[in-house]
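So the chains spell out like this:
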Amino acid sequence: MNDHDTEKMSGLLVSSGFSSVDSVEDADVVLLNTCSIREKAVHKVFSELGRLREIKANRANRSMFIGVTGCLAQHEKEKIFKRAPCVDLVMGTAAIQQLPKLVADAVSGVGRVIDTNFYPDNHLFPSVIIQRRPTAKALVTIIEGCNHACTYCVVPTTRGAERHRPVADVLAEVRSLVEQGFCEVELLGQNVNSYQGGCTFAELLFRVTEIEGLEWIRFTTSHPMDFTQDLARAIVTIPKIAPFLHLPIQSGSDKILRRMGRKYTSQEYLERIGYLGEQRDKMCLSTDFIVGFPGETDEDFEATMSVLERVRFDASFSFIYSPRPSTSALRLPDDLPENVKHERLTRLQARQAELTFQSHRREVGNILPVRIESHGPTELGHWLARTAQWRNVHLENNENRQLPFGRLVDARITGAGPHWLRAEVV
Ligand code: 5AD
Ligand code: SF4
């Protein structure tokens, strides 16, 4: 979602007459679009601001305006100016359409500018303005905000309550993307499953699917409690829906899930995976884990490892719990030693790496459609592509043909690594 917000902001700046430059040293305006999901992301912002402060201070005859946007800006508001006095502009997550005015004010010399209001039409961003990165897949917002209240998560504070984009808007945007040449879209929201912009998410998928010219539809991200049988049916029956599901479980321990406010048990999670039926084996299933949540005992962690074994996730993203401001988990005593948290994370990630590798090896010998994601070979000589399951493919193009960017070609999978598949064009 942050990537897509950046595309929206770039578009606004271009429509106000700015153009992009290749290096910060050449820029008049620099915006850091920030994440605050974990403390590490916040550290990165302030260390980058330190670097920008130096560049700004060394500017001899030209000024430089620095802005902080996104989740950190939304949460910290004016405090950003105090902690990083080089910052001229602060803009929150739901004030994106104010960017041209804020930049104009900052540049005109009125002093520091800030807007962290929640504009009710932020999610109704005019599609024509978006300046998309040159990727094969186009991102499409369908919902902003989150109505869940996971006790560790800062997102409901930084992104606010759910706002749904009307179905007609979503369909019009996807149609126009297909006209521009995109064959793949990813529908975005903190929790796409709770979509209510005029129909359910499952119905929306059916409607998007009818758009001619579209080949693969993806979506991110889903809360297990809103993952319905209807949605599972849509995923397994609509051929255009890419066979990839990211369904964050967070923990395998019911006690920890309760403390996290996740509203399901590990059994209920497994039942939902079961909705996919036999198709599950053809799909790539990924998840998120938080390790070392307050009160996590060895037994709780073993429950997480056991869910990992049962589901045999094809991929997962795992993190050590990071205490976040304004979250209720801050009240829980967090006395687990750091080294125990790290050991658990290392063990989980090592086992996941094995499972991912195994899942890659099962693809060897198959002939699959893959989407070309590079304009030529990398330094290592292969092209980049992705399977429908969102696996990275290193594609050997032995006849040195020009491969069509963003289009599908058939490829034979010839080898597997921990992070990629090797393939050749057939
Ligand atoms: N600490 C660690 N990980 C977190 N996530 C969200 N909040 C936190 C936190 N406070 C993880 C969750 C979520 C993913 C996007 O980030 O696993 O699914
Ligand atoms: Fe955060 Fe939970 Fe909402 Fe996901 S569902 S954004 S983890 S509060």
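The structure displayed is predicted, hence computed values, not measured ones.

Colleague: Explanation requested: the environment of Asn397 in the structure shown.
Modeller: Relative to the elements of secondary structure, Asn397 occurs in the loop between β15 (392–396) and β16 (408–416). In this structure the C-alpha to C-alpha distance between Asn397 and Val110, which are 287 residues apart in sequence, comes to 56 Å. Engagement of the side chain of Asn397 in a polar contact is seen with the backbone oxygen of Arg401, the distance being 2.6 Å.

Colleague: What exactly am I supposed to notice about the site of ligand 2 here?
Modeller: Contacts to ligand 2 come from Cys146, His148, Cys150, Tyr152, Cys153, Val155, Pro156, His223 and Arg262. Looking at side-chain class alone, the shell around ligand 2 contains six nonpolar, two polar and one charged residues.

Colleague: Looking at this model, I keep getting lost on the packing of aromatic side chains. Mind explaining?
Modeller: Pairs of aromatic rings are described using the distance from one ring centre to the other and the angle between the two planes. Evaluated as defined, the whole model comprises seven aromatic pairs. On the basis of an interplanar angle of 75° and a centroid distance of 5.2 Å, the ring pair of Phe201 and Phe219 is categorised as edge-to-face. Of this pair, Phe201 sits in helix α8 (residues 201–209) while Phe219 sits in strand β9 (residues 216–220), placing them 18 residues apart in sequence. On the accessibility criterion, Phe201 (2% relative accessible area) is buried.

Colleague: Sorry, what's going on with the site of ligand 1 here?
Modeller: Neighbouring ligand 1 are Ile37, Arg38, Tyr152, Gln250, Asp288, Ile290, Phe319, Ile320, Tyr321, Ser322 and Arg324. Contact between ligand 1 and Ser322: a nitrogen atom at 2.8 Å from a main-chain N or O atom of the residue. For ligand 1, whose accessible area on its own is 410 Å², the fraction buried by protein is 86%. Elements supplying a minimum of two residues to the shell around ligand 1: β11 (284–291) and β12 (315–320). Looking at the shell around ligand 1 residue by residue, the class counts come to six nonpolar, two polar and three charged.

Colleague: What should I look at first to understand helix α1 (residues 2–15) in this one?
Modeller: Note on helix geometry: an α-helix contains 3.6 residues per turn, so any two residues three or four positions apart are oriented the same way. Taking 1.5 Å of rise per residue, 14 residues should cover 20 Å, and α1 covers 20 Å from first to last C-alpha, within 8% of that figure. Just beyond α1, the residue with positive phi is Gly17, at close to 100°.

Colleague: Can you help me understand the side chain of Asn193 in this one?
Modeller: Within the secondary structure layout, Asn193 lies in the loop between β8 (184–188) and α8. Within polar-contact distance, the side chain of Asn193 engages the side chain of Ser222 at 3.3 Å.

Colleague: When you look at the sheet that holds strand β13 (residues 367–372) in this model, what are you seeing that I'm missing?
Modeller: Within a sheet, adjacent strands bond to each other through the backbone by hydrogen bonds, running parallel or antiparallel. Taken together, the five strands give a closed barrel; going around it, the order is β13-β14-β15-β17-β16, and neighbouring strands pair in mixed fashion. Put simply, the sheet's adjacent strands are angled 50° from each other on average, direction ignored. Of the pairings in the sheet, the one linking β16 to strand β17 (residues 421–425) comprises five bridges and is antiparallel in character. Its bridge partner being in β17, Ile413 is matched across the sheet by Ala423.

Colleague: Even after reading the chapter, I still don't get the domain arrangement of the protein chain, so can you show me in this structure?
Modeller: According to the domain assignment, the protein chain contains domain 1 (2–115), domain 2 (122–361) and domain 3 (367–425). Across the boundary between the two partners, domain 2 contributes 22 residues, which contact 20 residues of domain 3. Counting the surface lost from both domain 2 and domain 3, the interface buries some 1,600 Å², and carbon and sulfur atoms represent 60% of this. For domain 2, the biggest contributors to the area lost against domain 3 are Ala136, Trp216 and His360; these three give 37% of the whole. Linking domain 2 with domain 3 are two salt bridges, by the criterion used here. Glu215 is the salt-bridge partner of Arg371, the closest N and O atoms lying 3.0 Å from each other. There are eight residue pairs in polar contact (both at pLDDT 80 or more) connecting domain 2 and domain 3. Those elements giving two or more residues to the side of domain 2 that touches domain 3 turn out to be β9 and α13 (338–361). When residues of the side of domain 2 that touches domain 3 are assigned to their parent elements, the largest contribution, five residues, is made by α13. Considered class by class, the residues forming the side of domain 2 that touches domain 3 number 10 nonpolar, five polar and seven charged.

Colleague: Teacher, can you tell me more about the pattern of salt bridges here?
Modeller: Opposite charge on two side chains allows them to pair when their charged atoms are near. Under the counting rule described, the total for this entry stands at 32 salt bridges. Between Arg159 and Asp5 there is a salt bridge, with the nearest N and O atoms lying 2.9 Å from each other. Of this pair, Arg159 sits in helix α6 (residues 155–159) while Asp5 is found in helix α1, placing the two residues 154 residues apart along the sequence. Side by side, Arg159 and Asp5 carry an identical accessibility label, which is buried. Of the charged contacts, one joins Arg132 and Glu173 as a salt bridge, the two residues approaching to 2.9 Å between their closest N and O atoms. Residue Arg132 is found in the loop between β4 (113–115) and β5 (137–141), and its partner Glu173 is found in helix α7 (residues 167–179); the two are separated by 41 residues along the sequence. Side by side, Arg132 and Glu173 carry an identical accessibility label, which is buried. By sharing partners, the salt bridges in this structure join Arg132, Arg165, Asp169 and Glu173 into a single network.

Scoring rules and cut-offs
Residues numbered from 1 in each chain as written. Chains lettered and ligands numbered in written order. Predicted model: local features only at pLDDT ≥ 70, side-chain atom pairs only at ≥ 80, totals over all residues. Heavy atoms only, no water. Helix = DSSP H or I, 4+ residues; strand = E, 2+ residues; numbered from the N terminus. Polar contact = N/O pair within 3.5 Å; in protein donor to acceptor, adjacent residues only side chain to side chain. Near = heavy atom within 4 Å. Nonpolar A, V, L, I, M, F, W, Y, C, P; charged D, E, K, R; others polar. Phe/Tyr/Trp six-rings, centres within 6.5 Å; stacked < 30°, edge-to-face > 60°. Buried < 20%, exposed > 50% of the residue type's maximum accessible area, 1.4 Å probe, protein only. Areas by Shrake-Rupley, 256 points an atom, 1.4 Å probe, with all protein chains shown as cover. Expected span 1.5 Å × (residues − 1). Pairing = 2+ DSSP bridges. Axes fitted to C-alpha atoms, helices over the stretch in contact; angles between N-to-C directions. Domains from an automatic or database assignment. Contact = heavy atoms within 4.5 Å. Buried area = accessible area lost by both parts, 1.4 Å probe. Salt bridge = Lys/Arg side-chain N within 4 Å of Asp/Glu carboxyl O.

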